[in-house]
Amino acid sequence: MTNQYEKLVEQQNRLKQKVAREDFKLRQAKYYENRQARKARSRRLIQKGALLEKYFQADNLSVAQTEELLKIFADYVNEHKPDNLKNDQPNN
């Protein structure tokens, strides 16, 4: 009876370790996915910022000045945006 009990305790410990390993793998995978998403977003923001500086010649403007410039043109641009560039399209 004691031998059987020890085997069950040992099996329980092995299963706990296995659950802990799988939990670690899951957390690691989620971290990797989040990290990749953050990197993609950072890259997209950098590219868009570079385009803003290029076409609006805004490289010498502060962040506040750039926002002010964009606010001036935002309504016009959003009203005259072609259908293929509206929000119902997935982001690239």
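These numbers come from a predicted model, not from an experiment. (Residues numbered from 1 in each chain as written. Predicted model: local features only at pLDDT ≥ 70, side-chain atom pairs only at ≥ 80, totals over all residues. Heavy atoms only, no water.)

Colleague: Explain the overall build of the chain to me, please; I cannot follow it from the model alone.
Modeller: Assigned secondary structure in the chain consists of two helices and zero strands. For 92 residues, the compact-globule formula gives about 12 Å, and the C-alpha radius of gyration of the chain, at 27 Å, lies well above that figure. Seen through its C-alpha atoms, the chain measures out along the principal axes to roughly 80 × 30 × 15 Å. Across the 92 residues that make up the chain, the buried fraction comes to 3%. Between the mean site of the 19 positive side-chain charges and the mean site of the 13 negative ones, the chain shows a separation of 10 Å. (Helix = DSSP H or I, 4+ residues; strand = E, 2+ residues; numbered from the N terminus. Rg over C-alpha atoms; globule rule 2.2 N^0.38 Å. Buried < 20%, exposed > 50% of the residue type's maximum accessible area, 1.4 Å probe, protein only. Lys, Arg positive; Asp, Glu negative; His and termini not counted. Charge placed at Lys NZ, Arg CZ, Asp CG, Glu CD.)

Colleague: Before we go on, may I ask you to explain unusual backbone geometry in this structure?
Modeller: In most cases, non-glycine residues show a negative phi, while peptide bonds are predominantly trans. The phi angle at Gln57 is positive, at roughly 45 degrees, despite the residue not being glycine. Secondary-structure assignment places Gln57 in the loop between helix H1 (2-56) and helix H2 (63-79).

Colleague: Any chance you could explain the side chain of Thr66 here in plain terms?
Modeller: Mapped onto the elements, Thr66 comes out in helix H2. Of the polar contacts made by the side chain of Thr66, one reaches the backbone oxygen of Ser62; its length is 2.8 Å. Here Thr66 is in contact with Leu52, Ala58 and Leu61, once residues within four sequence places are set aside. (Polar contact = N/O pair within 3.5 Å; in protein donor to acceptor, adjacent residues only side chain to side chain. Contact = heavy atoms within 4.5 Å.)

Colleague: How should I be thinking about the packing of aromatic side chains in this particular structure?
Modeller: Aromatic rings considered in pairs are described by the distance between their centres and by the relative angle of their planes. Evaluation of the coordinates by the stated rule reveals one aromatic pair. For the pair Phe56 and Phe73, a centre-to-centre distance of 6.3 Å together with 50 degrees between the ring planes defines the contact as tilted. Of this pair, Phe56 sits in helix H1 while Phe73 sits in helix H2, and the two are 17 residues apart along the sequence. (Phe/Tyr/Trp six-rings, centres within 6.5 Å; stacked < 30°, edge-to-face > 60°.)

Colleague: So what exactly am I meant to see when it comes to H2 here?
Modeller: Structural remark: α-helix, 3.6 residues per turn; residues separated by three or four positions point the same way. Its 17 residues give H2 an end-to-end C-alpha distance of 24 Å, which sits within 8% of 24 Å, the value for a rise of 1.5 Å per residue. Remark: the principal bend of H2, roughly 45 degrees, maps to Phe73. (Expected span 1.5 Å × (residues − 1). Bend = angle between axes of the 7 residues up to and from the residue.)

Colleague: Help me understand the environment of Asn84 in this model?
Modeller: Of note, Asn84 is situated in the segment after H2. Among the residues examined, Asn84 registers a relative accessible area of 55% and is labelled exposed.

Colleague: In this structure, what is going on with the pattern of salt bridges? I would like to understand it.
Modeller: Pairs can form between side chains of opposite charge whenever their charged atoms are close. If you walk through the whole model with that rule in mind, you get five salt bridges. When the shortest N-O distance is used, the salt bridge between Glu10 and Arg14 registers 3.0 Å. On the criterion of helical spacing, the pair formed by Glu10 and Arg14 is a turn pair, its members being four residues apart in helix H1. On the basis of relative accessibility, which here comes to 47%, the residue Glu10 falls in the partly exposed class. Residue Arg14 is classed as partly exposed on the basis of its relative accessible area of 45%. Two residues, Lys86 and Asp83, come together in a salt bridge whose shortest N-O distance is 3.7 Å. The class of Lys86 is partly exposed, set by a relative accessible area of 34%. What makes Asp83 exposed here is its relative accessible area of 61%. (Salt bridge = Lys/Arg side-chain N within 4 Å of Asp/Glu carboxyl O.)

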